[in-house]
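Residues per chain are reported as follows:
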Amino acid sequence: MKSLKWTQFDTRWMLSLFGTAVGAGILYLPIKAGSGGVFPVLVMAFIIFPMVFLSHRALSRFVLQASGNDKDITYAAEEYFGRKVSLFIAILYFFAIFPICLAYCVGITNTFENFIYNQLLPLLNVDGAFAQWLNSIYQIKDVNGKKIIALFPFYRAILVFVLVSAFMVIMLFSEEIITKICEWLVYPLCIILFAFSLYLIPHWSFDFVAIPNVKEFLTIIWLTLPVLVFSFNHSPAISTFSLNVKKEYATIYEKKTSEILFATSSMLLVFVMFFVISCVLSLNPEELADARAQNIPILSFFANKFENPWIVYSSPIIAFLAISSSFFGHYFGAREGAYGVVRKACKLFGDKEPNLKLIRFFSGLVMYVVMLFVAFYNPSVLGFIENLGGPIIAAILFIMPIVAIYMVSKLKKFQNKFLDTFVFVTGILTIVTVIYVF
C-alpha cells in the first residue's frame with residue numbers, strides 16, 4: 001500500500017492541472033472582474049476557492065467510482081444514467097470544453113495580430129519594403145464606438161490558418177509528450193505571472209477605487225461568475241487525471257485526488273487572484289473597456305500601454321505560451337467528448353461496433369474547420385465565456401456531479417448537504433447569468 005506522502009507524480013499532476021486552467025481565462029478575467037472595481041474582486045477571491053475545489057473534487061469522484069480503471073467521464077455517465085441520458089451528458093461535456101478551444105483560437109490570433117502591429121512593426125525600418133507592406137495589410141475598424149487596428153480579412157484568414165494548423169499538427173504528437181511540454185511551460189509561466197503581478201505594484205492607483213451600492217456590488221459578482229468559473233476551470237483534464245491517480249494509487253486514490261486538487265486550487269487562488277487584483281489596480285475603467293473592445297488578452301494591452309521593453313516584448317509571448325499550454329489540455333477533453341458523442345450516437349442508432357478510426361478522423365476534421373471559421377470571424381472572447389463557456393462548464397462541473405451524488409448508489413457515500421448545496425447553488429447562479437445577459 002502506497003503512503004499519502006507527496007510524490008513527484010503528485011507534483012506533475014498539480015502543475016498539469018494548473019497549466020490547464022491558466023490560459024485565456026486568467027488573461028481576460030481582469031477585464032471583466034475589474035469593471036466593478038477592486039472590492040468585488042476581493043470578495044470573489046473568498047468564494048472562488050471552495051467553488052473550484054469542491055466542484056472539481058465532485059467531478060473526479062464521479063469518474064473514479066465508475067467500474068474499471070480506464071473508463072472516462074463519458075463511460076461513467078453511461079454506467080450511471082444509461083445510454084440515452086449519457087448521450088445528452090456527452091453532448092453537454094463536449095460543448096462545455098470545445099467553446100474554450102474556440103476562444104483560445106480567437107485569443108491566439110488576436111495576440112499575434114496585435115503583436116505584429118504594435119511590437120514587431122516599430123522594430124523595423126519604416127522606409128523598408130517589408131515594414132511598408134506590413135503596415136498596408138492593417139485597417140482601422142470601429143468596434144462599439146472605439147477605433148481598433150486589425151488585419152484585412154484576407155490576411156487574417158492566412159494568419160488563422162497558420163496558427164490553428166500549427167496547433168493541430170502539435171496535437172498529432174503523443175499525449176504524453178504534449179503533457180510534458182505543458183508541464184515544462186507551467187514553471188516559467190508561474191514565475192513570470194507572479195513577477196508581472198509584482199512589477200505592477202508601483203503602478204497601482206486607488207483613484208478609481210469606490211464601493212458600489214449593495215445591489216450593484218452583488219450584481220457585479222454574480223455576472224462575473226461565468227468568467228471566474230472559466231478562469232479556474234481544469235475539468236477537461238479531470239477525467240485523465242483521475243484515471244491516472246487510480247492506477248498509481250490503487251487503494252488510496254480517493255484521498256490522493258482530493259489532496260492534489262486541493263493543492264492545485266490553492267495554487268490557482270494565489271497566482272490568479274493576485275494577478276487579477278494587480279491588473280485591476282493598474283488600469284482605469286476606460287482602459288479596461290478599451291481592452292474588451294480590442295478583444296485581446298490583458299497582457300497584450302499592457303504591452304501597448306507601457307514603454308518598458310521587457311513588458312512590451314515579453315507580454316505577448318507570455319500570453320501566447322499561456323493560451324497554448326491551456327489549449328492543448330482543453331483540446332484533449334474536447335476530442336474525448338466528440339468521440340464519446342459520435343460513438344454513443346452510433347450505438348443508439350443500431351451500430352453496435354462503430355469504426356473508431358473513422359470517428360476520430362471526421363471528429364478531428366470537423367473541429368479543425370470550425371476552429372478556423374470562428375478564429376477568422378473573431379467573436380468577443382469574453383462574450384464566448386459569459387454566454388456559452390462558463391454556464392455550460394457550470395452545468396457539467398457543478399450540477400451533474402451533485403445530482404449524481406444523490407441519485408447513484410455508488411456516490412451516495414460522498415453526500416454532504418451543506419457543501420453540496422453550496423456547489424449546486426453557485427452552479428445554478430452561474431448558469432442563469434445567461435438569462436440576465438440576454
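Quick caveat, the model's predicted, so the values are computed rather than measured.

Participant: Describe helix α11 (residues 253–282), naming the residues involved and giving the relevant values.
Facilitator: Compared with an ideal rise of 1.5 Å per residue, which puts 30 residues at 44 Å, α11 spans 43 Å between its outermost C-alpha atoms and is within 8% of the ideal. A large share of α11 lies buried, amounting to 21 of its 30 residues.

Participant: Break down the packing of aromatic side chains for me, citing the residues and quoting the values.
Facilitator: For any pair of aromatic rings, geometry is given as the distance between the ring centres together with the angle between the planes. For the structure shown, the criterion picks out 28 aromatic pairs. Here the aromatic rings of F62 and Y80 are separated by 4.9 Å at their centres, their planes lie at 80°, and the arrangement is edge-to-face. On the criterion of sequence distance, the pair formed by F62 in helix α3 (residues 38–64) and Y80 in helix α4 (residues 73–81) is long-range, its members being 18 residues apart. Y80 carries the same exposure label as F62, and that label is buried. Geometrically, the ring pair formed by F94 and F98 is stacked, given 5.1 Å between the ring centres and 15° between the ring planes. Separated by four residues within a single helix, F94 and F98 lie in helix α5 (residues 83–120), roughly one turn from each other. Grouping residues by exposure puts F94 and F98 together as buried. Among the aromatic residues, those joined into a cluster by ring pairs are F196, Y199, F275, F302 and F306.

Participant: Just give me the short version of unusual backbone geometry, but keep the residues and values in it.
Facilitator: Located in the positive-phi region is N295, a residue other than glycine, with phi close to 60°. Considering the arrangement of structural elements, one finds N295 in the loop between α12 (285–294) and α13 (298–305). A positive phi angle is found at N378, which is not glycine, with a value near 65°.

Participant: So, the packing of α3 against helix α10 (residues 238–248): which residues are in play, and what are the values?
Facilitator: The geometry of α3 relative to α10 is characterised by a closest axis approach of 9 Å and an angle of 60° between their N-to-C directions. In terms of axis orientation, α3 runs oblique to α10. In the crossing of α3 with α10, the sense of the turn from one axis to the other is right-handed. Residue-level contacts link H56, L59, S60, V63 and L64 of α3 to I238, S239, F241, S242, L243 and K246 of α10. Looking at the contact of α3 with α10, its residues break down into six nonpolar, four polar and one charged.

Participant: Mind laying out the pattern of salt bridges, listing which residues take part and the relevant values?
Facilitator: As enumerated under the stated definition, the model contains eight salt bridges in all. Between K256 and E259 there is a salt bridge, and its shortest N-O distance comes to 3.5 Å. Here the residue K256 and the residue E259 both occupy positions in helix α11, the gap between them amounting to three residues, near one helical turn. On the basis of relative accessible area, E259 is assigned to the partly exposed category, the value being 25%. Members of the salt-bridge network, linked through shared partners, are D10, K256 and E259.

Participant: An account of the nonpolar core is requested, with residue identities and associated values reported.
Facilitator: Counting residues in hydrophobic clusters, the biggest one holds 149 residues, and the most contacted among them are F62 and M371. At 17 residues, the largest contribution of residues to this core is made by α5. Apart from residues lying up to four places away in sequence, M371 is in contact with F98, C101, L102, C105, V164, M168, F327 and Y331.

Participant: Before we move on, could you go through the environment of Y155 and cite the residues and values that matter?
Facilitator: Within the fold, Y155 resides in helix α7 (residues 153–170). Classification of Y155 as partly exposed rests on a relative accessible area of 27%. Spatially, the C-alpha atoms of Y155 and F376 are 9.9 Å apart, while their sequence positions differ by 221 residues. Every residue in contact with Y155, bar those within four places of it in the chain, is listed here: W133 and I137.

Participant: Report on the state of the cysteines, specifying residues and quantitative values.
Facilitator: What the rule picks out here adds up to zero disulfides. Take C105: it sits in no disulfide, and the sulfur closest to it among the cysteines is that of C101, at 6.9 Å.

Participant: Tell me what's going on with the environment of Y253, and back it up with residues and numbers.
Facilitator: Note that Y253 resides in helix α11. Each C-alpha atom, one on Y253 and one on P354, is 33 Å from the other, the two residues being 101 residues apart in sequence. For Y253, the contacting residues outside a window of four places in its chain are L64, V245 and K246.

Participant: If you had to explain a nonpolar patch on the surface to someone new, which residues and values would you point to?
Facilitator: Taken together, the side chains of L358, F361, F362, L365, V369 and F373 present a nonpolar region at the surface, about 600 Å² in accessible area. One can find F361 in helix α15 (residues 356–377).

Participant: Give me the lowdown on the confidence of the model for the chain, citing residues and values where you can.
Facilitator: Summary statistics for the chain give a mean pLDDT of 84 and a share of 96% for residues scoring 70 or more. For the chain, the element scoring lowest by mean pLDDT is helix α18 (residues 433–437), at 74; helix α17 (residues 417–431) scores highest, at 94.

Thresholds, definitions, all that
- Residues numbered from 1 in each chain as written.
- Predicted model: local features only at pLDDT ≥ 70, side-chain atom pairs only at ≥ 80, totals over all residues.
- Heavy atoms only, no water.
- Helix = DSSP H or I, 4+ residues; strand = E, 2+ residues; numbered from the N terminus.
- Expected span 1.5 Å × (residues − 1).
- Buried < 20%, exposed > 50% of the residue type's maximum accessible area, 1.4 Å probe, protein only.
- Phe/Tyr/Trp six-rings, centres within 6.5 Å; stacked < 30°, edge-to-face > 60°.
- Axes fitted to C-alpha atoms, helices over the stretch in contact; angles between N-to-C directions.
- Parallel < 35°, antiparallel > 145°, perpendicular 65-115°, else oblique.
- Left-handed = near helix turned anticlockwise from the far one by under 90°.
- Contact = heavy atoms within 4.5 Å.
- Nonpolar A, V, L, I, M, F, W, Y, C, P; charged D, E, K, R; others polar.
- Salt bridge = Lys/Arg side-chain N within 4 Å of Asp/Glu carboxyl O.
- Core = buried A, V, L, I, M, F, W, Y, C linked by side-chain atoms within 4.5 Å.
- Disulfide = S-S within 2.5 Å.
- Patch = residues over 30% accessible without salt bridge, like charges linked within 9 Å, V, L, I, M, F, W, Y side chains within 5 Å.
- Areas by Shrake-Rupley, 256 points an atom, 1.4 Å probe, with all protein chains shown as cover.
- pLDDT = per-residue confidence, 0-100.

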